[in-house]
Amino acid sequence: MAEVQADPILEALESVSARKERLHKAFTELNSCESVGKWNISWKELHEHFADIEKVVKRQVDELREKEQAFEAKAKKLHQDHDQKEEAVFQREQASLGRVQEQKDLAIAAIFEEKRKWSEEKQILKANGVNVISDAKSAPGEDNTKTIIVNAKEKAVAAANGSSDQAMDVDSSQVITADADGANEAAQDAITNKNVSHQTVKVRPQLKSLCEDMDGDGLTKYVTEHRKDIGALRSEMPSALQFAIDPARLVLRALEGYQLPEHGSSQTNDKDAGASAIRRACILLLESLAVVLADPLLGVDHIVVPSNIKESAKEMADKWKSTMDFQADATLGNSLDAQAFLQLLATFGIASEYDADDLCNLVLTIARRKQTPALCKSLGLASKIPDLVDKLSKEGKEIEALAFAHTFGIMDEFEPVPLLKAYLKEARKTAQSIVKNGNNSPAAQNDSAMKELSALKAVLRCIEEYKLEAQFSSAPLQRRVAQLEKAKSDRKRAAVAVKAQAKRPRASGAAGGHVISPSDRGLLRASERRQYPSAGLSSYGLSPQSTYDSRHSASYAATYAGVRSPASSYLYSTDVLAPQAWHEIGRIKKRYKF
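Everything numeric here is computed off the predicted structure, so don't read it as measured data.

Calculation rules
Residues numbered from 1 in each chain as written. Predicted model: local features only at pLDDT ≥ 70, side-chain atom pairs only at ≥ 80, totals over all residues. Heavy atoms only, no water. Helix = DSSP H or I, 4+ residues; strand = E, 2+ residues; numbered from the N terminus. Buried < 20%, exposed > 50% of the residue type's maximum accessible area, 1.4 Å probe, protein only. Areas by Shrake-Rupley, 256 points an atom, 1.4 Å probe, with all protein chains shown as cover. Core = buried A, V, L, I, M, F, W, Y, C linked by side-chain atoms within 4.5 Å. Axes fitted to C-alpha atoms, helices over the stretch in contact; angles between N-to-C directions. Parallel < 35°, antiparallel > 145°, perpendicular 65-115°, else oblique. Left-handed = near helix turned anticlockwise from the far one by under 90°. Contact = heavy atoms within 4.5 Å. Nonpolar A, V, L, I, M, F, W, Y, C, P; charged D, E, K, R; others polar. Expected span 1.5 Å × (residues − 1). Salt bridge = Lys/Arg side-chain N within 4 Å of Asp/Glu carboxyl O. Pairing = 2+ DSSP bridges. pLDDT = per-residue confidence, 0-100. Phe/Tyr/Trp six-rings, centres within 6.5 Å; stacked < 30°, edge-to-face > 60°. Lys NZ or Arg CZ within 6 Å of the ring centre and 35° of its normal.

**Overview of the overall build of the chain**
When helices and strands are counted, the chain shows 24 helices and five strands. When burial is assessed residue by residue, the chain has 34% of its 594 residues classed as buried. Carbon and sulfur atoms provide 53% of the accessible area of the chain, an area that totals close to 37100 Å².

This is the structure in structure tokens:
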């Protein structure tokens, strides 16, 4: 700003000489006029006055320049000092993180060693007949307190074995307690405070054991095998991960079993191989770990992850991104890869390492999931949500768009009612096209009704959840739902009736499609004709039909005379006859009234 102000001053100073020349000329002309007369001031005095003013102005300009240069030098030095301090702070921070990680690794190694020793000690004690009970108040995954209960019987056994250490004079209820170091107790208190929200969840023993042993592959396999019990696993997993010494590292080990799609492979083959189940198990582990790593004060949107864990997660994310084909995955309607990738970034807090627009494109492929808006919060995509909502509404995903707008509190920026009406209009249009393309068949009518019912119920949920009843009445929608459900029920009853009618025996080979009644079957079956031993077609004085040849007549005469011919001699089956035979049977029934 100072330089911009100095430019006009310099220009004015440079133009002083020209101005003085013009002024001198004007002064001389004015002084030469006789009507004006002589002035008491000379040009020399004016020139000296202007020279003094010019010197003062130049001196002040020089002083201003000196001050400006001094200020710039001082500011530059301050910036340099600030940069040096920032670099020093960063170096100290990195050194501190390195020391903390080193101490953590040493502590974990020491805990594993103590656990191994304690496991060996327990095996020895159990082999000698000593019951070992772990203190229930110990921190998950650590045996901070060991309680050994020796009863009288075990004391006698120990004495008989000649073990002086075990033949101690103790009462059957006496308890020997070995307390751990004070540091472990402090760690136990910290972990206990962190796990207050998970104490009420009961974790199945096998799941707890896998987490304590840091068995990532076993954990993934267990979740995959029990995927039908996904609801219970989802509630237990955060508590189960607390039993691991390093939950983040345990989940990273489990993610190593994530089956990346091979180039040229189809999703169907992957599903057949169980890859889809493994991917869902990995997603569940990532979602549960996000709860464990969340800041206890700021919540799940603020993850606390060590730098070395972040680096490992970043390497895995880069590997996934280079291998996964997100567009093909979304085209096939299966966005598990995109979901797993985004959850990996959110859980380990590394979303800032990737382009926000690319992440938004992946979010579009999993927008239908109920957890996706909350996932976007964890990814730090709040600034991109208005554009994301606009894209979803243009793609015909108005329900998902409103879910994002409601989660991020920007419902005022959009008009929910027009979006819901547009969604219903498109759903009705699709339902009508289904009926038209299906030639108004019952199956097409059912599909059409299901499409419209699904859309109506989704809109009703939005009206209730977002409190839009005053703007969009739900009564007409509810009446339409009742109408569609009634029509669907009527079609179902009609289909059941038709199916039951179709199960009745029919003449599949007869030209006229006659139904064989039990009385008709009695005329055809030899076992029921024994009550008419001499009854044949010739006994009733009936002349054979002109359409029958001699071979046909012989066959029927043998049949109705009660003589069972070999199977090969039947021209017609016992249940189905030609129209001429039915005509003869009708004449017989009419004549003899049976």
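**Thoughts on the nonpolar core**
Formed by 94 residues in total, the largest nonpolar core has its most connected members in Phe 341, Phe 348 and Phe 404. Looking at this core, the element that brings in the most residues is helix 11 (residues 275–293), giving ten residues.

**A closer look at the packing of helix 14 (residues 336–348) against helix 15 (residues 356–365)**
Between helix 14 and helix 15, the shortest axis-to-axis distance is 9 Å and the interhelical angle comes to 130°. Relative to helix 15, the element helix 14 lies oblique. Seen from above, helix 14 lies across helix 15 with left-handed handedness. Only Leu 359, Leu 362, Val 363 and Thr 365 of helix 15 make contact with helix 14, whose side of the interface consists of Ala 338, Phe 341, Leu 342 and Leu 345. Looking at the contact of helix 14 with helix 15 residue by residue, the class counts come to seven nonpolar, one polar and no charged.

**Quick word on helix 20 (residues 442–465)**
Here helix 20 is 24 residues long and its end C-alpha atoms lie 34 Å apart, about the 34 Å a rise of 1.5 Å per residue gives. For helix 20, the elements touching its buried residues are helix 18 (398–407), helix 19 (416–437) and helix 21 (475–502).

**Comments concerning the pattern of salt bridges**
A side chain of one charge can pair with a side chain of the opposite charge when the charged atoms of the two come close. Applying the stated criterion across every chain yields a total of 21 salt bridges. Here the residues in one salt-bridge network are Lys 104, Asp 246 and Arg 249, joined through shared partners.

**Some points on the packing of helix 11 against helix 14**
Relative placement of two packed helices is described by the angle separating their axes and the distance separating the axes. Close contact between helix 11 and helix 14 brings their axes to 9 Å; oriented N to C, the two are set at 20°. In this view, helix 11 runs roughly parallel relative to helix 14, as classed from their interaxial angle. Our pair here, helix 11 against helix 14, has a crossing hand that is left-handed. Here Ser 276, Arg 279, Arg 280, Ile 283, Leu 286, Glu 287, Leu 289, Ala 290 and Leu 293 of helix 11 lie close against helix 14, whose contacting residues are Leu 336, Asp 337, Gln 339, Ala 340, Gln 343, Leu 344, Thr 347 and Phe 348. Counted by class, the contact of helix 11 with helix 14 contains nine nonpolar, four polar and four charged residues.

**A closer look at the pairing of strand 5 (residues 299–303)**
Relative to strand 5, strand 4 (residues 294–295) runs antiparallel, the two being bridged by two bridges. Along strand 5, the bridge assignment pairs Asp 295 with Gly 299. Between strand 4 and strand 5, which pair antiparallel in sequence order, lie three residues.

**Topic: the confidence of the model for the chain**
Per-residue confidence for the chain averages 74 on the pLDDT scale, and 66% of its residues sit at or above 70. Confidence drops under pLDDT 50 across residues 134–199; counting only partners more than four residues distant or on other chains, this segment forms 77 contacts. Within the model, pLDDT remains below 50 along residues 518–578, and this stretch shows 80 contacts once partners closer than five positions in the same chain are excluded.

**Quick word on the packing of aromatic side chains**
By the definition in use, this model includes two aromatic pairs. Residues Phe 341 and Tyr 354 carry aromatic rings whose centres are separated by 5.7 Å and whose planes lie at 80° to one another, so their mutual orientation is edge-to-face. Linking Phe 341 in helix 14 with Tyr 354 in the loop between helix 14 and helix 15, this pair joins segments that are 13 residues apart in sequence. Here Phe 341 and Tyr 354 have matching classes, each one buried. One residue, Lys 421, lies across the ring of Phe 472, its end atom 5.5 Å from the ring centre.

**Looking at the environment of Asp 295**
By the element assignment, Asp 295 lies in strand 4. Along the primary structure Asp 295 and Val 305 are separated by ten residues, whereas in three dimensions their C-alpha atoms are 9.7 Å apart. Non-local contacts of Asp 295, meaning those with residues more than four positions away in its chain, are made with His 302 and Val 304.

**Overview of helix 9 (residues 247–255)**
Taking burial as the measure, the nine residues of helix 9 include seven buried ones, the bulk of the element. Those residues of helix 9 lying buried are Pro 247, Ala 248, Leu 250, Val 251, Leu 252, Ala 254 and Leu 255. Against helix 6 (205–212), helix 7 (216–225), helix 8 (230–241), helix 11, helix 12 (307–323) and helix 14 lie the buried residues of helix 9.

**Quick look at the environment of Lys 492**
Mapped onto the fold, Lys 492 is located in helix 21. Look at Lys 492 and you get exposed, because its relative accessible area is 62%. Spatially, the C-alpha atom of Lys 492 lies 9.4 Å from that of Pro 442, the residues being 50 residues apart in sequence.

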